[in-house]
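Summary of structural features
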Amino acid sequence: MLKKALKVFSMIIAAIIVVLVFFACESAAPSPSVSAQQSGGSSASLPPVEIKQYNGHDLSPVSDMKDVSIEGPQNIDIAKYKLTVDGLVETPSDFTYDEVLSLPNYTKEVVLNCVEGWKADLLWQGVLLSDLFDKAKVKTDANTVIFHANDGYTTSLPLQAILDKKMIIAFKVNGVVLPDKDGYPFILVAEDKLGYKWCKWITRIELSNDSSYEGYWESRGYSNDANVTN
Ligand SMILES: Nc1nc2c(c(=O)[nH]1)N[C@H]1C(S)=C(S)[C@@H](COP(=O)(O)O)O[C@H]1N2
Ligand SMILES: [Mo]
């Protein structure tokens, strides 16, 4: 009798252990991070984790980017968002966020230098402007690219500088989706150019032949070349 009760008891304990182990494994299984492709089925997103080192040295934290924008952080409704590429192109085009992200993407470490005296060494992930230009078929007389933003900000760069430097518009910084304050959905990674060329919250990329175009800060006295000199 006692033996039988002990047997039943130990079977119950064993069953409880099996159930506990099962749930422990379930919760320990890696869930896809926010950047992972959805592979069907349910998935939970983990809080974003910043990449802190690259090529053996420290990156700046994303929080080192001081928001110095003219109207403060923008909050873009991605369901309604369109990135327009127009002006001197054969095929003026609107891209959704997902259409832009479906282009080949590239990672680059580039330092952002603001004229106010701070800088941040960050890892950017984005798409090549030249891939967007190829889709819209840039006309041969275009020599300038004007970036327009959701807050009314504009800035421009020579088309050739963008092509030579293989510039990207980034949707991630240090491995995390670009925060609202830093330009979500896209910031221009204006390599070797001062911070005011790094257009955030880009809504429109206009191909132009106006090489003397002056954007928001440029028309208020800042150099149109904006080369970083250090
Ligand atoms: N749309 C928009 N982009 C902008 C600005 C702005 O006011 N509006 N400020 C520029 C300046 S002066 C700098 S230094 C960088 C700062 O970027 P951060 O806020 O991500 O650090 O954004 C640039 N891009
Ligand atoms: Mo700046």
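Refer to the structure above for everything that follows.
Residues numbered from 1 in each chain as written. Chains lettered and ligands numbered in written order. Predicted model: local features only at pLDDT ≥ 70, side-chain atom pairs only at ≥ 80, totals over all residues. Heavy atoms only, no water.

Side note on the pairing of strand 3 (residues 83–87)
Across three bridges, the pairing between strand 3 and strand 4 (residues 93–95) is antiparallel. Looking across to strand 4, one finds that Leu83 is bridged to Phe95. Following strand 3, the chain reverses through five residues before pairing antiparallel with strand 4. (Pairing = 2+ DSSP bridges. Helix = DSSP H or I, 4+ residues; strand = E, 2+ residues; numbered from the N terminus.)

Points about helix 3 (residues 129–136)
Among all positions in helix 3, only Leu129, Asp131, Leu132, Phe133 and Ala136 are buried. Of the residues trailing helix 3, Lys137 is marked for its positive phi of about 55 degrees. (Buried < 20%, exposed > 50% of the residue type's maximum accessible area, 1.4 Å probe, protein only.)

A closer look at the site of ligand 1
In the vicinity of ligand 1 lie 20 residues, with Ser69, Ile70, Asp151, Trp198 and Lys200 positioned nearest. Asp151 is positioned with one of its side-chain polar atoms (N or O) 2.8 Å from a nitrogen atom of ligand 1. Asp182 places a side-chain nitrogen or oxygen 3.0 Å from an oxygen atom of ligand 1. Starting from 530 Å² of accessible surface for ligand 1 in isolation, the protein chains cover 98%. Looking at side-chain class alone, the shell around ligand 1 contains twelve nonpolar, two polar and six charged residues. (Near = heavy atom within 4 Å. Polar contact = N/O pair within 3.5 Å; in protein donor to acceptor, adjacent residues only side chain to side chain. Areas by Shrake-Rupley, 256 points an atom, 1.4 Å probe, with all protein chains shown as cover. Nonpolar A, V, L, I, M, F, W, Y, C, P; charged D, E, K, R; others polar.)

So, the packing of aromatic side chains
For the structure on display, the rule yields eight aromatic pairs. Aromatic side chains Tyr97 and Phe186 sit 5.5 Å apart centroid to centroid with 40 degrees between the ring planes, which places their arrangement in the tilted category. One end of the pair, Tyr97, is in helix 2 (residues 97–101); the other, Phe186, is in the loop between strand 10 (176–177) and strand 11 (187–189), with 89 residues separating them in the sequence. Residue class for Phe186 comes out buried when judged on its relative accessible area of 0%. Aromatic pair Tyr216 and Trp217: ring centres 5.0 Å apart, planes at 90 degrees, arrangement edge-to-face. (Phe/Tyr/Trp six-rings, centres within 6.5 Å; stacked < 30°, edge-to-face > 60°.)

Thoughts on the environment of Lys137
Here Lys137 shows up in the loop between helix 3 and strand 7 (144–149). When the C-alpha atoms of Lys137 and Val85 are compared, they prove to be 9.8 Å apart, with 52 residues separating the residues in sequence. Not counting the four nearest positions on each side in its chain, Lys137 is found in contact with Val89, Glu90 and Thr91. (Contact = heavy atoms within 4.5 Å.)

Description of the pattern of salt bridges
A complete count under the given rule lists eight salt bridges for this structure. Residue Lys181 pairs with Asp182 through a salt bridge whose shortest N-O separation is 2.8 Å. Residue classification places Asp182 among the buried residues on the basis of a relative accessible area of 1%. Note that Lys197 is salt-bridged to Glu218, the shortest N-O span being 2.7 Å. Of this pair, Lys197 sits in the loop between strand 11 and strand 12 (202–208) while Glu218 sits in the segment after strand 12, placing them 21 residues apart in sequence. Judged on exposure class, the residue Lys197 and its partner Glu218 are both buried. Connected via shared salt-bridge partners are Asp86, Arg204 and Glu206. (Salt bridge = Lys/Arg side-chain N within 4 Å of Asp/Glu carboxyl O.)

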